[in-house]
Amino acid sequence: MMPINRRKFIKNLATTSAVTAATGLFPGIVFSGWEPSGATAEEVQWKKAPCRFCGVGCGLLIGVAQGRAVAVQGDPRSPVNQGLCCVKGYHSVQMLYGKDRLTKAKIRDGDQWKDVSIGEALDLVANKMKETIQTHGKDSVAIYGSGQWTIPDGYVASKLMKGAIGTNNLEANARLCMASAVTGFLTSVGLDEPMGCYDDIDHANTFILWGNNMAEMHPVLFSRLLDQRLRRNDVKIIDLTTRVTRTSYAADKAMLFKPQTDLALANAVARELIENNWINQDFIQKHCSFKTGKTQIGYGLEDNFKFSDQAKNSSFEEFKQLVAEYTPEAVAKTSGVSAEDIRYLASLYGDPTRKVMSLWCMGTNQHTRGTWINNLIYNLHLLVGKISTPGNSPFSLTGQPSACGTVREVGTLTHKLPHGVVMNADHRKHAAEIWGVPVENISPKPTHHTVSMFRALDRGDIRFMWIQVTNPMVTMPKLNRYRAGCLKEGRFIVVSDVYPTPTTDVADVILPSALWIEKEGLFGNSERRTQHFEQLVEPPGEAMSDTWQLIEVARRLGFEKLFPWKKETYIQDIWAEYRRHHSGPKHEMASYEELKQRPGIRWPFVNGKETRWRYNTRHDPATRGYNPNASEAEFDFYGKPDHRAWIWFRPYEPPPEVPDLEYPFWLNTGRVVEHWHTGSMTRRIPVLHQAMPQAYVELHPSDAERMGIFQGEMVKISSRRGSIVLPASIDQRGRPTPGQVFVPFFDENYLINELTLDAFCPISKQPDYKKCAVRVEKV
């Protein structure tokens, strides 16, 4: 038995240091950190797989020899990365071989862990789940999954919870990273996911980044932007940001704005487009409607917070009047961006010779008005008609390998179904027919989004939670509350993972999971590309795929007939069933056989052809008037009942917490290029850990000088919710503006989310990790 005491897993990194391409055997390949296999070049077999990290979906070739993954290179056949990888991709196979890999199931026994067979652990999980439902009702159990789930993982979880058990207590960590992008798409064009694709990078000459440190967070795609600038003299990259980053240094121009004021900035650009007559009146009249929604909508800080937006019909003239107050001079005072720069930004959107690609990620989505700022970016493209054509694309980037494929498409959120939403009777009927369950099994009422779910666990409304492929005891905002909730009497926590984490620390049962290429699976990336990968190596010990864990528990609960698949073919069989949910030209998915042959296929995939630009009558077979041979494109935004895109007026509203005399600094959190999310995998890759061994707090040099803080000295950061002490970083990686600090969240030894606020966008329910007030003190 193993004590449950907190581990400092930094001592348990992978077995040896990395051996890089300096071996000379394979140009451009990085060998894994496990003990040398002695394999020759001739013994290595190369197999394709999508990268396990961010949502770009880079294609990799994995070198396998003697039953181990020994090498990685970028797949030159992949149209996503064209043979390139980032530093995480090149070292990715090393994450399989950390010394403290979970290989046996564990059950809590007092203050000890007891190793048991995985069959015994699955028996306990099923029995505890059944007992909780019998005692407290079906809404007392929950599953919390991940954008790292494969598509089959998420599909089985959805069918189990919503179709078999009959509860909508299913959520995934993509609520924390992509929910505002989803509600932005839905409210602006009616359907989720981008209308464009990565091909837009090759056509655009203007790239405007809205709160997205793309150089570190999506470095392969950013390299494609830089490549375009090298090839063409007219290419410009504009970085809209709240701190100076590596993206800022690489951009042609960086515009620093005060936190939350991107709302005012976007409205000012819209005003300038109208005032200078840079709008496309013909496009607007044919294809756009104007809407207003509720204002002063709250921040979700209280338990059981409820909000429902209401779209009201508006007009171009009313919209013009509403944005009139956002003059460049007025917004310059609010945002800190000069009036001259605001006019310049508007001119880029308005110039008819420029093809504009707007790109954004967490800075826009992790926002208490995340849906609104997504809407406002779409507004700019719609006002000038620069949308759904090659090079003209508002494009939301994704942070996890299958946040799109598994969470958004499969529908592993409380309100979602694989095709539609639980609130819609026709959508429930469609899902029930495919699942083979009575339609009454599917509840029409959403239950808890992620923050609400963990609040319900704290209160005792939820008693059983199964957490798979994610680490919420690092990632939840206002972490102290939710950790304490997991540890309360009467709660039962199951965690499926590959390594010990702060989340396995609060578990009653730990199930060892197969990781990435230790199982067959499918991911879906940012550009609607579905990617299949084979099982390339065996998982260690009794580690089992998350899909099969769910199936085993479902069968123990008595749902054998709903989960009849054989272990030899279950991925293929699940995919065949799942495809039925999306049948039709709006979301047709490629067959299993097609996906096995190619490095990913973008949906809708109709008559053997990918759809690159949705809503465009020359490219999208779902549009009215589809004609691939037409000389000019028309547009059909068929996601909306009026077949028109919606331009919303969304005002500037301040965040719920701002700096004051007691807490005078802004706190911003995020990632670094070396590590991915909570570091549970990348910190076990020696070369990545050595490159970035610990978290830090960035300060502006003027703040550091005023407080007498020098590089590397320990600094205490405190909010109204908690405090931590960590080393100062001054002009090392990035530079926040005066009065702001930045802390990455990859390091479990410095849990910055003990300080963050659990406020969220009332429409998307996505928390804001970018803005709260803190005090900074030299230790």
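Not measured: the values here are computed from a predicted model.

Draft legend 1. Region of the structure containing the pattern of salt bridges. If you walk through the whole model with that rule in mind, you get 54 salt bridges. With a closest N to O distance of 2.8 Å, Arg483 and Glu754 form a salt bridge. Within this pair, whereas Arg483 is found in helix H20 (residues 479–486), its partner Glu754 is found in the loop between strand S34 (740–744) and strand S35 (772–778), the two being separated by 271 residues in sequence. Given the relative accessible area of 22%, Arg483 is considered partly exposed. Glu588 is paired through a salt bridge with Arg579; the nearest N and O atoms lie 3.6 Å apart. The network of salt bridges with shared partners includes Asp303, Arg455, Asp458, Arg459, Asp461, Arg481, Lys488 and Asp758.

Draft legend 2. Looking closely at helix H22 (residues 570–581). For H22, with 12 residues, the first-to-last C-alpha span of 17 Å sits near the 16 Å given by 1.5 Å per residue. Buried within H22 we find Tyr570, Ile571, Ile574, Trp575, Glu577, Tyr578 and His581.

Draft legend 3. Broad picture of the pairing of strand S21 (residues 492–497). Most of S21 is tucked away: 6 of the 6 residues are buried. With burial as the criterion, each face of S21 is covered, one bearing Phe492, Val494 and Ser496 and the other bearing Ile493, Val495 and Asp497. Pairing analysis gives 5 bridges linking strand S20 (residues 464–468) to S21, with the strands arranged parallel. Counted as the bridge partner of Trp466 is Val494 from S21. For S21 and strand S22 (residues 509–512), the ladder comprises 4 bridges, and the chain directions are parallel. Paired with Asp497 across the two strands is Pro512, which belongs to S22.

Draft legend 4. The packing of helix H12 (residues 328–335) against helix H13 (residues 339–350), seen in detail. Where H12 meets H13, the axes come as close as 8 Å, and the angle between the chain directions of the two elements is 115°. With respect to each other, H12 and H13 are oriented roughly perpendicular. Our pair here, H12 against H13, has a crossing hand that is right-handed. Facing H12, whose interface residues are Pro328, Glu329, Val331 and Ala332, H13 presents Ala339, Ile342 and Arg343. Looking at side-chain class alone, the contact of H12 with H13 contains 5 nonpolar, no polar and 2 charged residues.

Draft legend 5. Representation of the environment of Thr569 within the structure. Along the chain, Thr569 falls in the loop between helix H21 (546–556) and H22. For Thr569, a relative accessible area of 34% gives the class partly exposed. For Thr569 and Lys130, which are 439 residues apart along the polypeptide, the C-alpha to C-alpha distance reads 28 Å. Engagement of the side chain of Thr569 in a polar contact is seen with the side chain of Asp573, the distance being 2.9 Å.

Draft legend 6. Quick peek at the sheet that holds strand S14 (residues 288–292). Spatial strand order, S15-S14-S28: 3 strands in an open sheet with mixed pairing. Because the sheet does not close on itself, it has two edges, and the strands there are strand S15 (312–313) and strand S28 (645–649). The pairing of S14 with S15 spans 2 bridges and is antiparallel. Paired with Thr292 across the strands is Lys312, a residue of S15. Set on the sheet, helix H15 (residues 370–384) makes contact with S14 and S28; between it and S28 the angle comes to about 120°.

Draft legend 7. Structural detail: helix H7 (residues 219–231). Spanning 13 residues, H7 covers 18 Å between terminal C-alpha atoms, matching the ideal 18 Å at 1.5 Å per step. Restricting attention to buried positions, one finds in H7 the residues Pro219, Val220, Leu221, Phe222, Arg224, Leu225 and Gln228.

Draft legend 8. How the structure looks around the layout of surface pockets. Reported here for the second largest pocket is a volume of approximately 280 Å³. Together, 16 residues line the second largest pocket, and Glu518, Lys519, Gln535, Lys567 and Tyr570 are the ones closest to its centre. Taken together, the residues of the lining of the second largest pocket sort by class into 7 nonpolar, 3 polar and 6 charged.

Draft legend 9. Focus on the packing of aromatic side chains. Counting across every chain of the model gives 21 aromatic pairs. For the ring pair Phe563 and Trp565, a centre distance of 5.9 Å and an interplane angle of 90° mean the geometry is edge-to-face. Judged by relative accessible area, Phe563 falls into the buried class, the value being 0%. Taking the relative accessible area as the measure of exposure, Trp565 reaches 7% and is therefore buried. Seen in terms of ring centroids, Phe635 and Phe637 are 6.5 Å apart; in terms of plane orientation they differ by 10°. Their pairing is stacked. Relative accessible area serves as the criterion here: at 14%, Phe635 is assigned to the buried category.

Draft legend 10. Main features of the sheet that holds strand S16 (residues 356–360). Pairing is parallel across the open sheet formed by 5 strands, whose spatial order is S13-S11-S10-S16-S17. In the strand order of this sheet, the two ends are held by strand S13 (253–256) and strand S17 (393–396), each with one partner. The average angle at which neighbouring strand axes cross in this sheet is 15°, direction not considered. Of the pairings in the sheet, the one linking strand S11 (residues 236–241) to S13 comprises 4 bridges and is parallel in character.

Draft legend 11. Geometry of empty space enclosed by the protein. Enumeration according to the criterion identifies 6 cavities of 30 Å³ or more in this entry. For the second largest cavity, the calculated volume is near 100 Å³. Lining the second largest cavity are 14 residues; nearest its centre among them are Cys51, Cys54, Cys58, Cys86 and Val220. Elements represented by at least two residues in the lining of the second largest cavity include exactly helix H1 (87–90) and H7. Class assignment for the residues of the lining of the second largest cavity results in 10 nonpolar, 3 polar and 1 charged.

About the thresholds
- Residues numbered from 1 in each chain as written.
- Predicted model: local features only at pLDDT ≥ 70, side-chain atom pairs only at ≥ 80, totals over all residues.
- Heavy atoms only, no water.
- Salt bridge = Lys/Arg side-chain N within 4 Å of Asp/Glu carboxyl O.
- Helix = DSSP H or I, 4+ residues; strand = E, 2+ residues; numbered from the N terminus.
- Buried < 20%, exposed > 50% of the residue type's maximum accessible area, 1.4 Å probe, protein only.
- Expected span 1.5 Å × (residues − 1).
- Pairing = 2+ DSSP bridges.
- Axes fitted to C-alpha atoms, helices over the stretch in contact; angles between N-to-C directions.
- Parallel < 35°, antiparallel > 145°, perpendicular 65-115°, else oblique.
- Left-handed = near helix turned anticlockwise from the far one by under 90°.
- Contact = heavy atoms within 4.5 Å.
- Nonpolar A, V, L, I, M, F, W, Y, C, P; charged D, E, K, R; others polar.
- Polar contact = N/O pair within 3.5 Å; in protein donor to acceptor, adjacent residues only side chain to side chain.
- 1 Å grid on protein atoms, 1.4 Å probe; cavity = no way out; pocket = protein on both sides within 12 Å on 5 of 7 lines; lining within 4 Å.
- Points joined across faces, edges and corners; volume = space filled by probe spheres on them.
- Phe/Tyr/Trp six-rings, centres within 6.5 Å; stacked < 30°, edge-to-face > 60°.

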